[in-house]
Amino acid sequence: MNTTFIPKQEASIISGTTAARFWQATLHRDRRADGTFVFAVRSTQIYCRPSCPARRPLRSNAIFFRSPEDAEHRGFRACRRCRPKELQSAAALVARAAALLANSDEENVRLESIAAQIKASPEKLRRAFRTMTGLSPRDFAEAARMNRFKKMLRDGRSITEALYACGFGSPSRIYEKTNSQLGMTPAAYKKGAPGMFIEYSITRSSLGHVLVAATDRGISAIYLGENDKQLITELRAEYPKAELSANSTGHGPWVREVLKRIEGDRPSVDLPLDVQATAFQRRVWQELQKIPLGSTRTYTQVAHALGKPNSVRAVARACATNPVSIVVPCHRVIRSDGQLAGYRWGLKRKQQLLEREGSQLNFS
Ligand SMILES: [Zn+2]
């Protein structure tokens, strides 16, 4: 037998712009990045998933791997707090099952058959779905099918065609579901072609009325204003095609956190964001989130921090168009001469926010 010695392949450390992107996701404890990479800490020899609640290491101490296996190959141990390995396997299971479910047009996909195809027990698959998506496999499959149905309508296919293509046995089946899942009849949906569902809550704060709006992925808007009507009008202008509806209970913890931050308190829970942005806006907003409570930066300083010293005006524009005030603290950016410059929700509010946060500013 011909034996060739094959050296065990070295696990590759991620570098360059990918590492920079992973670091941003790590800093923001971005749940959406979980399962796509792990970060390891040289000083502790431990690796974590991106959303691990533990303290962040120095950038110089962090290295990134595509998988837990790669990190372990380099001698790192899994964090006991965020258990990156379990998550990885749950993510992989769900990804494989989701691919099968997405291609299945049957109305009643059997969990057992999906589980058998990916060689997992139905119970394990059910748990993985709960962990990763918060849904049962059946609800997930139903949502996936409904999404395909909606996409076909948006693409201009007829209702009947879309119904049968997506395996809804009869038109009555889809009309039964429309109230809970489509929010309107398929015909109305086809006409308006909206893409987003946004729920909002409005509460009182010491800075006036606060609107917190969110999709099922995170917060999309935080506005401050004088009255409900003005805030809803702003939201409608920002998301003209979205379906907006009032949320009475579900946002409680997020709203409470926003109210605390308005009072100048330290962040106590992470608030997931779901905002539409250009790559540049997103970079600016991430940079703003690094400005510590009680500090300010100038537009020029932010531009320099981004490595784009000539983009001061673009930075100012990105601040002015920030849809999630408070959480992305654009109020902490001021002019080089110490003037507060503008604020979408009024200079008085900007000044009050900075005073509460204890910035050492001369407000005269
Ligand atoms: Zn961890």
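**Re the overall build of the protein**
Then, in step 1: Secondary structure assignment for the protein yields 15 helices and 10 strands.
Then, in step 2: Within the span of the protein, comprising 364 residues, buried residues form 44% of the whole.
Then, in step 3: Within the protein, contacts between residues at least 6 apart in sequence are counted, and of these 59% link residues at least 24 apart.
Then, in step 4: As displayed, the protein has an accessible area near 19,700 Å², and 50% of this comes from carbon and sulfur atoms.

**Some words on the nonpolar core**
Then, in step 1: Judged by nonpolar contacts, the single largest core of 45 residues is most densely connected at Leu-211, Ile-222, Leu-235, Val-258, Leu-288 and Val-315.
Then, in step 2: Those elements giving two or more residues to this core turn out to be β5 (197–205), β6 (208–214), β7 (219–225), α10 (228–238), α11 (252–262), α12 (279–288), α13 (299–305) and α14 (312–320).
Then, in step 3: No other element matches β7, which puts 5 residues into this core.
Then, in step 4: In contact with Leu-235, other than residues within four places in its own chain, are Tyr-200, Leu-211, Ala-213, Ala-221, Tyr-223 and Leu-244.

**Here we look at the environment of Gln-24**
Then, in step 1: Along the chain, Gln-24 turns up in helix α1 (residues 16–27).
Then, in step 2: Since its relative accessible area comes to 17%, Gln-24 is described here as buried.
Then, in step 3: With sequence-adjacent residues up to four places away left out, Gln-24 is seen in contact with Gln-286 and Lys-290.

**Some words on the pattern of salt bridges**
Then, in step 1: The final tally for this structure, using the stated rule, is 9 salt bridges.
Then, in step 2: Across the salt bridge formed by Arg-344 and Glu-234, the nearest N and O atoms sit 3.4 Å from each other. Linking Arg-344 in the loop between β10 (333–334) and α15 (347–356) with Glu-234 in helix α10, this pair joins segments that are 110 residues apart in sequence.
Then, in step 3: With a relative accessible area of 33%, Arg-344 lands in the partly exposed category.
Then, in step 4: What makes Glu-234 partly exposed here is its relative accessible area of 25%.
Then, in step 5: Where Glu-357 meets Arg-332, a salt bridge forms, and the shortest distance between an N and an O atom there is 2.8 Å. Remark: Arg-332 occurs in the loop between α14 and β10 and Glu-357 occurs in the segment after α15; sequence separation between them is 25 residues. In this pair, the class of Glu-357 matches that of Arg-332, namely buried.

**Things to note about the coordination of the zinc ion**
Then, in step 1: Note on the zinc ion: its protein donors are Cys-48 (SG), Cys-52 (SG), Cys-79 (SG) and Cys-82 (SG). The metal-donor distances range over 2.3 to 2.4 Å.
Then, in step 2: Considering all 4 donor atoms around the zinc ion, the spread of angles at the metal, 104 to 124°, places the coordination shape in the tetrahedral class.
Then, in step 3: One chain supplies every donor to the zinc ion, and in sequence these donors are spaced C-x3-C-x26-C-x2-C. Remark: Cys-82 occurs in the loop between β4 (77–78) and α3 (84–102) and Cys-48 occurs in strand β2 (residues 46–48); sequence separation between them is 34 residues.
Then, in step 4: Here Cys-48 falls in the buried class, since its relative accessible area comes to 6%.
Then, in step 5: Among the residues examined, Cys-82 registers a relative accessible area of 4% and is labelled buried.

**With respect to the sheet that holds β5**
Then, in step 1: Ordered by their spatial adjacency, 4 strands build an open sheet running β7-β6-β5-β8, and the pairing between neighbours is mixed. Each having just a single partner strand, β7 and β8 (243–246) make up the two edges of the open sheet. Ignoring which end each strand starts from, the neighbouring axes of this sheet average 25° apart.

**Observations concerning the packing of aromatic side chains**
Then, in step 1: This model, assessed by the stated rule, comprises 5 aromatic pairs.
Then, in step 2: Taking 3.9 Å as the distance between ring centres and 5° as the angle between the ring planes, the aromatic pair formed by Phe-22 and Phe-37 counts as stacked. Placement of the pair is Phe-22 in helix α1 and Phe-37 in the loop between α1 and β1 (38–41), with a sequence separation of 15 residues. No difference in accessibility class separates Phe-22 from Phe-37, as the two residues are buried.
Then, in step 3: On the basis of relative accessible area, Phe-22 is assigned to the buried category, the value being 3%.

**Things to note about the pairing of β6**
Then, in step 1: Buried residues dominate β6, accounting for 6 of its 7 residues.
Then, in step 2: In terms of strand pairing, β5 meets β6 through 7 bridges, oriented antiparallel. Of the residues in β6, the one forming a bridge with Arg-204 is His-209.
Then, in step 3: Taken together, β5 and the strand that follows it, β6, pair antiparallel across an intervening segment of 2 residues.
Then, in step 4: Of the pairings in the sheet, the one linking β6 to β7 comprises 6 bridges and is antiparallel in character.

**A few points about the confidence of the model for the protein**
Then, in step 1: For the protein, per-residue confidence averages 81 on the pLDDT scale, and 84% of positions sit at 70 or higher.
Then, in step 2: For residues 1–9, every residue scores under 50 in pLDDT, and the model assigns this stretch 2 contacts once sequence neighbours within four places are set aside.
Then, in step 3: In this model, residues 178–184 is a region of pLDDT below 50 whose contacts with residues beyond four sequence positions or in other chains number 18 contacts.

**Points about the sheet that holds strand β3 (residues 62–65)**
Then, in step 1: With respect to topology, 4 strands assemble into an open sheet ordered β3-β1-β2-β4, the strand pairing being mixed. Both outer strands of the open sheet, β3 and β4, are each paired with one neighbouring strand and no more.
Then, in step 2: The strands that α1 touches are β1 and β3; relative to β3, the one it contacts most, it runs at about 110°.

Parameters and conventions
Residues numbered from 1 in each chain as written. Predicted model: local features only at pLDDT ≥ 70, side-chain atom pairs only at ≥ 80, totals over all residues. Heavy atoms only, no water. Helix = DSSP H or I, 4+ residues; strand = E, 2+ residues; numbered from the N terminus. Buried < 20%, exposed > 50% of the residue type's maximum accessible area, 1.4 Å probe, protein only. Contact = heavy atoms within 4.5 Å. Areas by Shrake-Rupley, 256 points an atom, 1.4 Å probe, with all protein chains shown as cover. Core = buried A, V, L, I, M, F, W, Y, C linked by side-chain atoms within 4.5 Å. Salt bridge = Lys/Arg side-chain N within 4 Å of Asp/Glu carboxyl O. Donors = N, O, S within 2.8 Å, 3.2 Å for Na, K, Ca; no water. Tetrahedral: all angles 85-135°; square planar, octahedral: opposite > 155°, others 65-115°. Pairing = 2+ DSSP bridges. Axes fitted to C-alpha atoms, helices over the stretch in contact; angles between N-to-C directions. Phe/Tyr/Trp six-rings, centres within 6.5 Å; stacked < 30°, edge-to-face > 60°. pLDDT = per-residue confidence, 0-100.

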